[in-house]
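Spelled out from the first residue to the last, the chains are:
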Amino acid sequence: MTWINKHKESEHFASEAEVAKRKGQTEKARRLYHAAAEADAAALSLIQPDKERTLGVIAVSAVSLFFKADTLEAAERLAFSALADEKMPKFARNQLQEIVQTIWNEKIFKASGVEFVKGELVVSVSGGLIAVGAAPLELVHRKVDEIKNLFFRTVEMLLDSPIRRRGLPSNVIRDQFRPWIVQAPAGSYQFALRIEKPRQMKLFPRATAAVEQVTKKLLNIVEVS
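This text gives an overview of the structure that appears in the document.

Rules used throughout
- Residues numbered from 1 in each chain as written.
- Predicted model: local features only at pLDDT ≥ 70, side-chain atom pairs only at ≥ 80, totals over all residues.
- Heavy atoms only, no water.
- Axes fitted to C-alpha atoms, helices over the stretch in contact; angles between N-to-C directions.
- Helix = DSSP H or I, 4+ residues; strand = E, 2+ residues; numbered from the N terminus.
- Parallel < 35°, antiparallel > 145°, perpendicular 65-115°, else oblique.
- Left-handed = near helix turned anticlockwise from the far one by under 90°.
- Contact = heavy atoms within 4.5 Å.
- Nonpolar A, V, L, I, M, F, W, Y, C, P; charged D, E, K, R; others polar.
- Phe/Tyr/Trp six-rings, centres within 6.5 Å; stacked < 30°, edge-to-face > 60°.
- Buried < 20%, exposed > 50% of the residue type's maximum accessible area, 1.4 Å probe, protein only.

**Some thoughts on the packing of helix H3 (residues 52-68) against helix H4 (residues 72-83)**
As a packed pair, H3 and H4 sit with axes 7 Å apart at the nearest point and diverge in direction by 165°. By the angle class used here, H3 and H4 are roughly antiparallel. You can see that H3 and H4 cross each other, and the crossing is left-handed. The segment H3 lies against H4, with Ala59, Ala62, Val63, Phe66 and Phe67 engaging Leu72, Ala74, Ala75, Leu78, Ala79 and Ala82. Tallied by class, residues from the contact of H3 with H4 come to 11 nonpolar, no polar and no charged.

**Focus on the packing of aromatic side chains**
Tallying each qualifying case throughout the model produces 2 aromatic pairs. Their ring planes at 45° and their centres at 6.5 Å tell us that Phe80 and Trp104 sit as a pair that is tilted. Of this pair, Phe80 sits in helix H4 while Trp104 sits in helix H5 (residues 90-112); the two residues are 24 residues apart in sequence, bridging distant segments of the chain. Under the relative-accessibility criterion, Phe80 is labelled partly exposed at 39%. Owing to a relative accessible area of 38%, Trp104 belongs among the partly exposed residues under this scheme. Look at Phe151 and Phe152: their rings are 5.0 Å apart centre to centre, the planes differ by 70°, and that puts the pair in the edge-to-face class.

Function cannot be read off these values alone, since they describe shape.
Encoded structure:
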C-alpha cells in the first residue's frame, strides 16, 4: 500500500462526505470526514521524508478533515505532531498553526455553551497593503459593517419584516440573531461569519426556520452579486 492509494481513499470518503453534507446528513458526513482523515493520516506515515511538499499538503489535508469531522482532539494531536517534524515546509506550518488556532476557538465556544448554526460565510480581504493575517483597520471595519448590514437585511427578508428605511434592526432580531466573526482558515486576510443559535427558540418559533437559512441565503446573494 502506497501513500497515493491511501490519499485516493481519503479523496473518495471526502467526496462522499460533501454529498452527505449537502443533503443535510450531518452525522453521516462526520463519519465520512473521519474516515477520510484516517486515510490521509495513514498516507502521511507512508510519505518519504524527502518529499517535503507532499508531506505538507497531506498533513494539512488530514488535520483539516479531522476538524471537519468535529474530532478536535485528533486534529490537534496530528497538527502538533506534524509541526514537530523538521521536514514540514513553511507553507504547511503556517496553515497548521492557523487550524490549531481555529480548533482552540471551537473548544472555547463549546466550553462556554455557545452553539452555531450550520455553515459559515468566509470573507477574504486582499490586495494593496493586505498581508497574511493583517489589514488596515478602516478597511476591515468597512468590510465587517457591509457584511453585518447584509446579514440583518437577509434576516428581515426571511422573516417578512417590514422594510426598514433607516436605523438599526429591531431589538428582537438583534437579540435572537447574533453574528460572530471568527478566525478563518489560511488566506490573505480572512474572517468567517458564523451565526449563533437563538437562545429562546420557543419564544421566537419563526427564528427556528429562518436562522438555518440565513447563511445559505447570504451565500446565494453574494454569489449573485
